[in-house]
Amino acid sequence: MSTRKRILSAIQPTGNMHFGNYFGAVQNWVRLQEEYNCVYGVVDYHAMTMPYDPKKLRQNTWELLFNLIAVGVDPNNLFIQSLVPEHTELGWIFNCFCSYGRLSRMTQFKDKSVQSKEKANDDFISAGIFDYPVLQAADILIYRADYVPVGKDQDQHLELTREIAERFNRQVGKEYFVLPETLHTEIPKVMSTADPTRKMSKSAGEKHYISVFAEEARIRKQIKSAVTDTGDTPEGEMSAGVENLFSLLKAAGKIEAHTSLMEDYHTGNLKYSDLKGEVAEGLVALSTTFKERKADILTRKKEIKGQIKASSAEIRKRAQETVREVKELAGLSNVKF
């Protein structure tokens, strides 16, 4: 039996993948596979909380899965959330162990509510936007994860997950759930090269993100036109644009170039054209590898889909076991799987 600790992480299906997604999360997923038992989900239930197109949701789910495999995620570690309905069953049970007041204090609810109104162009806000942190807790606890790799902005969600687990344990009189811990690894905060004061994002428009699978010419053009100085940088401090370029350079694995150009920066000899050139080279090299893998995957779509459905079914067995035990402890009618 493996003694490796278990990690759970998940991503919403937005289809295409940009370097903000890759460096901010997925690159870390690939590395973690070497040391941990990893379970990675494409959480399509969560994508329903905001206004969406049902046809695009399915397309985006498979597109993201193909992309994840292309950048190095082991398909055996991947599952589709809606193929594991126990997530929603455990989510309902956890609703009964989480207070309305606690959910109302989640900081992202207000932001997501505004985004939902803008996207739908009306005042409709789904109850899912309010309640999704409970489903997120179920996503984590259903696999009895030891660690959850998160950014600082997600600390509050893991804190709620631990609170729900503690309340459940107290209610049933058993330390059933081990409280998951955060795994803060070095994850770069990738900003838009067009506006380094905001995160790289598809929702902000084409100039604000760089696709992992973009054509070489497009990558080079976007890096060449990257903003280096916004004009409001205090004297003696690195501007947000230059800092972002250095962050991209390091994330792309060009450590020697990063060290050399950083020395140039500190001595006042840095040429922005040199920095941009090295960043472009690093991104193009990664993109070329990923595109080659993606091309192969697209010739085997049916095979890959079958593999993901099989991995989802295998991963579901763990979820079924947890839900069976939780129902037993909670006093609910149960059927042994």
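This section reports on the structure supplied with the text. (Residues numbered from 1 in each chain as written. Predicted model: local features only at pLDDT ≥ 70, side-chain atom pairs only at ≥ 80, totals over all residues. Heavy atoms only, no water.)

### Observations regarding the packing of helix 3 (residues 54-70) against helix 13 (residues 301-330)
One way to put it is that helix 3 packs onto helix 13 with a least axis distance of 11 Å and a crossing angle of 95 degrees. The angle between helix 3 and helix 13 falls in the class roughly perpendicular. Here W62, L65, F66 and I69 of helix 3 lie close against helix 13, whose contacting residues are K301, I304, K305, I308 and K309. Here the contact of helix 3 with helix 13 is composed, by residue class, of six nonpolar, no polar and three charged. (Axes fitted to C-alpha atoms, helices over the stretch in contact; angles between N-to-C directions. Helix = DSSP H or I, 4+ residues; strand = E, 2+ residues; numbered from the N terminus. Parallel < 35°, antiparallel > 145°, perpendicular 65-115°, else oblique. Contact = heavy atoms within 4.5 Å. Nonpolar A, V, L, I, M, F, W, Y, C, P; charged D, E, K, R; others polar.)

### Regarding the side chain of H18
For H18, the position within the fold is in the loop between strand 1 (6-11) and helix 1 (19-32). Take H18: its relative accessible area is 6%, and that puts it in the buried class. Ignoring sequence-local partners within four residues, the contact set of H18 consists of M200, S201, K202, Y209, I210, S211 and V212. (Buried < 20%, exposed > 50% of the residue type's maximum accessible area, 1.4 Å probe, protein only.)

### Brief notes about the side chain of T322
Mapping T322 onto the fold places it in helix 13. Excluding residues that lie within four positions of it along the chain, T322 makes contacts with L141, I142, R144, Y176 and F177.

### Some remarks on unusual backbone geometry
Although it is not a glycine, R144 adopts a positive phi angle of roughly 55 degrees. Residue position: R144 is located in the loop between helix 7 (127-141) and strand 4 (147-149). A residue is classified by how much of its surface remains accessible, and R144, at 31% relative accessible area, is partly exposed.

### Some details on the nonpolar core
One recurring pattern in soluble globular proteins is that nonpolar side chains are buried together. Residues F19, Y22, F23, L68, L275 and L283 are the most contacted members of the largest nonpolar core, which totals 56 residues. If you tally residues by element for this core, the top one is helix 12 (residues 272-298), at eight residues. Counting residues in hydrophobic clusters, the runner-up holds 34 residues, among them F97, Y143, I164 and I315. (Core = buried A, V, L, I, M, F, W, Y, C linked by side-chain atoms within 4.5 Å.)

### Structural notes on the pairing of strand 2 (residues 37-42)
A large share of strand 2 lies buried, amounting to five of its six residues. Note that strand 1 and strand 2 share six bridges and pair parallel. Bridge pairing links L8 to V39 in strand 2. Inspection of the sheet shows strand 2 paired to strand 3 (residues 78-80) by three bridges, in the parallel sense. Within the sheet, the bridge partner assigned to Y40 lies in strand 3 and is L78. (Pairing = 2+ DSSP bridges.)

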